[in-house]
Amino acid sequence: FFFASGSSDSTARLWSTSTELPIRTLVGHSSDVHLVEFFNDCNHLATASHDKSVRIWELNNSECIRVIYPGAGKEFISVLKINFFSKILVTGLDDGSVYVWDLENEKKILAFEFDDEKKRPNSVDFSTDNKFLVVTSRKKLSCYDLEKLQNYRADVDENKENQSKKGKGDIVKSTSLEKYLVNSLSFLNENPEYNLFSAKFSPAGFIYTLSRSSSLD
């Protein structure tokens, strides 16, 4: 079995359970690597760093084949997820925004304001059939129809008033995505000590959520 790690020396490493030393060291980030995510083919890896970039690596030769800067490289990347088919990458940023990337065609599909309270996303997950995307922050859970969401680009071109300029590209307001929601829960009016930490699709398609009654930043 293989597994990957990110570390404070700005590198990511590929390990095998059959050896004590790393079999690959991925060098290219300029700060701590705090998130790692395998592609389904197991030959590629995505890493996110405190340098506010995402790098895509080809593991056979330890080569970085693409660098992505969500939010124009101005915001900390809080979550990183690749769908089962290795075609869609989602990043959540510290300012409460979410970026959806088309890896196959190497382009950004959509960037939107997920949390109106500017709470950073703390988990994202795809359903195994690639039809749905769930995103959470401390006070909000939203499940989107991913197939429809991927086609939002045409709507953006026709509805410029739904975009919010932040000096880092077009950010779509969360209210303009309501027709793509399958389910949405808000905990802003609940006990202020109540926080939602994560949501996960089960293999059968249900969502499993974890929460904890404590106030954390």
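The preceding data block contains the structure.
Here the structure is a predicted model, which means the values were calculated and not measured.

Topic: the packing of aromatic side chains
Here is step 1 of the chain: This structure, assessed with the given rule, holds four aromatic pairs.
Here is step 2 of the chain: Note on Phe3 and Trp15: the rings are 6.3 Å apart at their centroids and 5° apart in plane angle, and the pair reads as stacked. On the criterion of sequence distance, the pair formed by Phe3 in strand S1 (residues 2-6) and Trp15 in strand S2 (residues 11-16) is long-range, its members being twelve residues apart.
Here is step 3 of the chain: Between Tyr99 and Trp101, the aromatic rings sit 6.0 Å apart at their centres with planes inclined by 15°, giving stacked as the arrangement.
Here is step 4 of the chain: With a relative accessible area of 1%, Tyr99 lands in the buried category.
Here is step 5 of the chain: The class of Trp101 is buried, set by a relative accessible area of 9%.
Here is step 6 of the chain: Its guanidinium or amino end placed over the ring of Phe114, Lys140 lies 4.8 Å from that ring's centre, counting from NZ or CZ.

Topic: unusual backbone geometry
Here is step 1 of the chain: For Cys42, which is not glycine, the phi torsion reads 65° and is therefore positive.
Here is step 2 of the chain: Looking at the secondary structure, you find Cys42 in the loop between strand S4 (33-38) and strand S5 (44-49).
Here is step 3 of the chain: Positive phi, normally seen in glycine, also occurs at Ser86, with a value near 60°.

So, how was this worked out
- Residue numbers run consecutively from 1 along every chain, following the written order of its sequence.
- For a predicted model such as this one, the threshold for reporting local features is a pLDDT of at least 70, and the threshold for listing and counting side-chain atom pairs is 80 or more; totals across whole chains, interfaces and linings nevertheless cover every residue.
- Side-chain metrics rest on all non-hydrogen atoms present in the structure, leaving aside hydrogens and water.
- When the centres of two rings from Phe, Tyr and Trp lie within 6.5 Å, Trp using its six-membered ring, the rings pair. Their planes under 30 degrees apart give stacked, over 60 give edge-to-face, and anything left gives tilted.
- Secondary structure elements are defined from DSSP: runs of H or I of at least 4 residues count as helices, runs of E of at least 2 residues count as strands, and each element is numbered from the N terminus.
- Accessible area is worked out with a 1.4 Å probe on protein chains only. A residue is then buried under 20% of its type maximum, exposed over 50%, and partly exposed in between.
- For a lysine, the NZ atom is tested; for an arginine, the CZ atom; a charge sits over a ring if that atom is within 6 Å of the ring centre and within 35 degrees of the ring normal.

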